[in-house]
Amino acid sequence: MTTTTQHRLAVLGAGSMGTGIATLATGRGIPVVLVDVSAEALAKAEQAVPTQRRLAQMMGSLPRDVEPGTLTATTSIADVAGCTAVVEAVTEHAETKAKVLAEAHQAAPDAVLISNTSAIPIDEQADAVAQPALLLGVHFMNPPYLISTAEVIRGPRTAQDTMAGAGALLDELGITQVVVGDGPGFVINRILQRSINEASRIVAEGIATPEAVDAAFQGCLGHTTGPLATADLIGLDNVVDTLRVLHERTGDAGYQPSELLLAKVEAGDFGRKTGRGFYDYTTTGR
């Protein structure tokens, strides 16, 4: 096995998305520094990355003939020093994202800064860093090691060199890029999250079951998965966070999280990661 890369990637956040991005990068031979405040989350990620990488290789999404990049797990953001790019993949809270982006920029001042935000405008986040020109958005799909296309969001202050540097990294990651403009939710989540929200209202009103909603989208529209199965994959807690961001920034009542979504999150039923959401994964084997 051989690998040649000029990149060293920092990933901030060892949740499901951060772990998935680390899987993608190491599977392409890129060394990764994975940062989280939780040692427990880092330990889980260290176990999950090799497992996810083998799955992606079996499915043909990652090459088998590339030596995996090293994975360094740390609770110190200072360890991102020397990285060529930083991907922020923490929870969808503007203040948290601003804090970690500022700290990462201080530790690695020349690195391209990438926010994996679901909905927070890039230009809003750019206020947190000393060089806003170095920041752009890349909205990876979940799981990123299986879905090979991502939204790339160019903020009003993002430099062309930053776009080029991020583009070269994404090429090495095997990611097809769809470049879009800045704004709450960008393209995917501006449309998808409203669909999920409305689908949950339809279920709450008794018009259709989750199975019927998703079957209609799959059979009639050709979607691989319906909106509610997609919501369970994203995580209903993440869906609610994203809807709140969209509602706050657009004022559109259609993004106000439905009572059913709020109830499920309150009950701890987040979807696949907890075993229960709109579907019960503990008994159905979905």
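Scroll up to find the structure this text is about.
Fair warning: this is a prediction, and the values are worked out from it, not measured in the lab.

**Description of helix α1 (residues 16-27)**
Taking 1.5 Å of rise per residue, the 12 residues of α1 would be expected to cover 16 Å, and the 16 Å separating its terminal C-alpha atoms lies within 8% of that figure. Taking burial as the measure, the 12 residues of α1 include 11 buried ones, the bulk of the element. All of the buried residues in α1 are Met17, Gly18, Thr19, Gly20, Ile21, Ala22, Thr23, Leu24, Ala25, Thr26 and Gly27. Buried residues in α1 make contact with β1 (9-12), β2 (32-35), α2 (39-58), β3 (71-74), β4 (85-88) and β6 (135-140). Directly beyond the C-terminal end of α1, a positive phi value near 85° is found at Gly29.

**Some points on the packing of helix α6 (residues 188-204) against helix α9 (residues 236-250)**
In contact at an axis separation of 10 Å, α6 and α9 are set at 115° when each is read in the N-to-C sense. The chirality of how α6 crosses α9 is left-handed. The segment α6 lies against α9, with Asn189, Arg190, Gln193, Ile196 and Asn197 engaging Val239, Thr242, Leu243 and Leu246. Within the contact of α6 with α9, the residues separate by chemical class into four nonpolar, four polar and one charged.

**Some words on a nonpolar patch on the surface**
A cluster of nonpolar residues, Leu55, Met58 and Met59, forms a patch on the protein surface that exposes about 340 Å² of accessible area. Looking at the secondary structure, you find Met58 in helix α2. Under the relative-accessibility criterion, Met58 is labelled exposed at 64%.

**Some remarks on the sheet that holds β2**
The eight strands are arranged β3-β2-β1-β4-β5-β6-β7-β8 in an open sheet whose pairing can be described as mixed. Each edge of the sheet is formed by a strand with only one pairing partner; in this case those strands are β3 and β8 (176-180). Strand-to-strand twist in this sheet, taken as the mean axis angle between neighbours without regard to direction, amounts to 25°. Alignment of β2 against β3, held across four bridges, turns out to be parallel. Counted as the bridge partner of Val35 is Thr74 from β3. Here α2 sits on the sheet in contact with β2 and β3, set at roughly 165° to β3. Packing against the sheet, helix α3 (residues 94-107) makes contact with β1, β4, β5 (112-115) and β6, and its axis sits at approximately 165° to β4.

**Examining the packing of aromatic side chains**
Scanning the model with the defined rule gives one aromatic pair in all. On the numbers, 6.5 Å between centres and 65° between planes, the contact of Tyr279 with Tyr281 is edge-to-face. Comparing Tyr279 with Tyr281, the two get one shared label, buried. When the ring centre of Tyr255 is taken as origin, the NZ or CZ atom of Arg194, which lies over that ring, is 5.3 Å away. The ring of Phe278 has Lys264 sitting right over it, with the charged end atom 5.2 Å from the ring centre.

**Describing the pairing of β6**
Each regular strand shows side chains that alternate between the opposite faces of the sheet. Within β6, six of the six residues are buried, leaving the element largely enclosed by the surrounding structure. The alternating pattern of β6 places Leu135, Gly137 and His139 on one face and Leu136, Val138 and Phe140 on the opposite face, and all of these are buried. Bridge count between β6 and strand β7 (residues 149-153): four bridges; the pairing is antiparallel. Of the residues in β7, the one forming a bridge with Gly137 is Ile153.

Conventions adopted
Along each chain, residues carry numbers from 1 onward, in the same order as the chain's sequence is written. Local features in this predicted model are restricted to residues whose pLDDT is 70 or higher, and side-chain atom pairs enter the listing and the counts only when it is 80 or higher, whereas totals over whole chains, interfaces and linings include all residues. Side-chain measures here rest on the full set of heavy atoms in the structure, leaving out hydrogens and waters. The secondary structure listing takes helices from DSSP runs of H or I that are at least 4 residues long and strands from runs of E that are at least 2 residues long, numbered from the N terminus. Residue count minus one, scaled by 1.5 Å, sets the expected span of a helix. Whether a residue is buried, partly exposed or exposed follows from its accessible area with a 1.4 Å probe, protein chains only, as a fraction of its type maximum: under 20%, in between, or over 50%, in that order. By definition in these notes, contact holds between two residues if any of their heavy atoms fall within 4.5 Å. For helices, the axis comes from a line fit to the C-alpha atoms of the stretch in contact; other axes are also lines fit to C-alpha atoms, and the angle between any two N-to-C directions lies between 0 and 180 degrees. Definitions for this section: a left-handed crossing has its near helix turned counterclockwise from the far helix by less than a right angle. A right-handed crossing has that turn clockwise. Residue polarity is assigned by list, with Asp, Glu, Lys and Arg as charged and Ala, Val, Leu, Ile, Met, Phe, Trp, Tyr, Cys and Pro as nonpolar; anything else, Gly included, falls into the polar class. Patches here: salt-bridge-free residues with over 30% relative accessible area, like charges joined within 9 Å, nonpolar side chains (Val, Leu, Ile, Met, Phe, Trp, Tyr) joined within 5 Å. Methods summary: accessible areas were calculated by the Shrake-Rupley approach with a probe of 1.4 Å, and residue burial reflects only the protein chains presented. Salt bridges, as used here, are contacts in which a Lys or Arg side-chain nitrogen is within 4 Å of a carboxyl oxygen on Asp or Glu. Whether two strands pair comes down to DSSP finding at least two bridges between them. Two aromatic rings from Phe, Tyr or Trp, using only the six-membered ring of Trp, form a pair when their centres are within 6.5 Å; if the ring planes differ by under 30 degrees the pair is stacked, by over 60 it is edge-to-face, and anything between is tilted. Geometrically, a lysine NZ or arginine CZ counts as sitting over a ring once it is within 6 Å of the ring centre and also within 35 degrees of the ring normal.

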